[in-house]
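The primary structure of each chain is shown beneath.
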Amino acid sequence: MAPLSRNTKLFLILFIIVILIVGLILALTLPSSNNSNSNSPTSTTIAPGLVGKFIYQSGPGVTSDYEQDIIQALEEWDKIILDDRKIDVSFYSYSSNDDTLAFAFMNDEDDIYSGGVVYINTFNKAETSMKNILEHEIGHVLGIGTSKKWDMANNSDVLDKNLFPNAYEFYSNWTSGTPNSNGIPLGSNGYHWSEDVFDIELMTPSSEKKGVELPNSGLTLNALKDIGWDVDLARADSFSPSA
């Protein structure tokens, strides 16, 4: 065989270099099947689902790690809310180095059946269980602290007893101290029950230590009744306020 010319050798060398560069680029850009499998438990996006009357969906960042807690939180509320209406709840994530664990709002504060959105702060890791955090936020989706009626009754430090008569009656019979004559004590700019009075109740603003369950009390359930929901009051968790 005749020896290769200089030009032919240069061409072959350049061709081999190009092939190697293309192979390297593909290796860096295409996902490895092994890496995809190893990350699948924490990177799979939750498929839309149905829990009783609740239709749920999630956005990027709310991975399958959260799915069990989402389902369990919705199951708790599905037992309480008796209305025969479908309620849409969307779950999204964000990351922020602050004290907020999550937040939520209604799609329409004038329509209690409008559903809403829950945002989970993936930066913070609280001792409070994620199930309890999500139960709390779904309470906001249902109107606690967010509905038009709550806004009308919100006097910053108390919730007007005339607009929330069932909740106020429950509070008056429930408290171990003298009830506030104007309404139900509020905290956190009026969007939650007072932490000082109701301590670990589900709809107070602060998280609790690991292992402490947040009771969804008759106070919250009666407030939802005042907002317009048909609720099963027998599902209220047992709990006594501190004052």
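Note that the coordinates shown come from a computational prediction; the quantities given were computed from them, not determined experimentally. (Residues numbered from 1 in each chain as written. Predicted model: local features only at pLDDT ≥ 70, side-chain atom pairs only at ≥ 80, totals over all residues. Heavy atoms only, no water.)

Peer 1: Looking at this structure, how should I read the packing of aromatic side chains?
Peer 2: The description of an aromatic ring pair uses the distance of the two centres, along with the angle that the planes make with each other. All chains considered together, the criterion is met by 13 aromatic pairs. Ring centres of Trp 150 and Phe 164 lie 5.7 Å apart, and the angle between their planes is 75°; this geometry places the pair in the edge-to-face category. In this pair, Trp 150 sits in helix H5 (residues 148–153) while Phe 164 sits in the loop between strand E6 (158–160) and helix H6 (165–174), placing the two residues 14 residues apart along the sequence. We classify Trp 150 as buried; its relative accessible area is 1%. Plain terms: the ring middles of Tyr 171 and Phe 198 are 5.9 Å apart, the flat faces sit at 65° to each other, and that makes the pair edge-to-face. (Phe/Tyr/Trp six-rings, centres within 6.5 Å; stacked < 30°, edge-to-face > 60°. Helix = DSSP H or I, 4+ residues; strand = E, 2+ residues; numbered from the N terminus. Buried < 20%, exposed > 50% of the residue type's maximum accessible area, 1.4 Å probe, protein only.)

Peer 1: Got a minute to help me understand the pattern of salt bridges in this structure?
Peer 2: Where charged atoms of side chains with opposite charge meet at close range, the side chains can pair. Tallying each qualifying case throughout the model produces five salt bridges. Residue Lys 131 is joined to Glu 135 by a salt bridge in which the shortest nitrogen-to-oxygen separation is 3.0 Å. Pair noted here: Lys 131 and Glu 135 are both in helix H4 (residues 130–141), with a separation of four residues, about one helical turn. Accessibility classification places Lys 131 together with Glu 135 in one group, the buried group. Here Arg 235 ties to Asp 232 by a salt bridge, and the two come within 3.9 Å at their closest N and O atoms. (Salt bridge = Lys/Arg side-chain N within 4 Å of Asp/Glu carboxyl O.)

Peer 1: Looking at this structure, I do not really get the layout of surface pockets. What am I missing?
Peer 2: A water-sized probe, rolled over the atoms, reveals where empty space remains. Looking at the largest pocket, its volume works out to about 420 Å³. What lines the largest pocket is a set of 23 residues, among which Ala 102, His 136, Glu 137, His 192 and Pro 205 lie closest to the centre. Sorting the residues of the lining of the largest pocket by element identifies strand E4 (102–106) and H4 as the ones contributing at least two each. At five residues, H4 tops the list of elements feeding residues into the lining of the largest pocket. (1 Å grid on protein atoms, 1.4 Å probe; cavity = no way out; pocket = protein on both sides within 12 Å on 5 of 7 lines; lining within 4 Å. Points joined across faces, edges and corners; volume = space filled by probe spheres on them.)

Peer 1: I would appreciate a short explanation of the side chain of Glu 201 in the present structure.
Peer 2: Considering the arrangement of structural elements, one finds Glu 201 in the loop between helix H7 (195–198) and helix H8 (218–227). One polar contact links Glu 201 to Thr 220, side chain to side chain, over a distance of 2.8 Å. Apart from residues lying up to four places away in sequence, Glu 201 is in contact with Trp 174, Trp 193, Pro 215, Asn 216, Ser 217, Thr 220 and Phe 239. (Polar contact = N/O pair within 3.5 Å; in protein donor to acceptor, adjacent residues only side chain to side chain. Contact = heavy atoms within 4.5 Å.)

Limitation: the analysis is restricted to geometry and does not speak to function.
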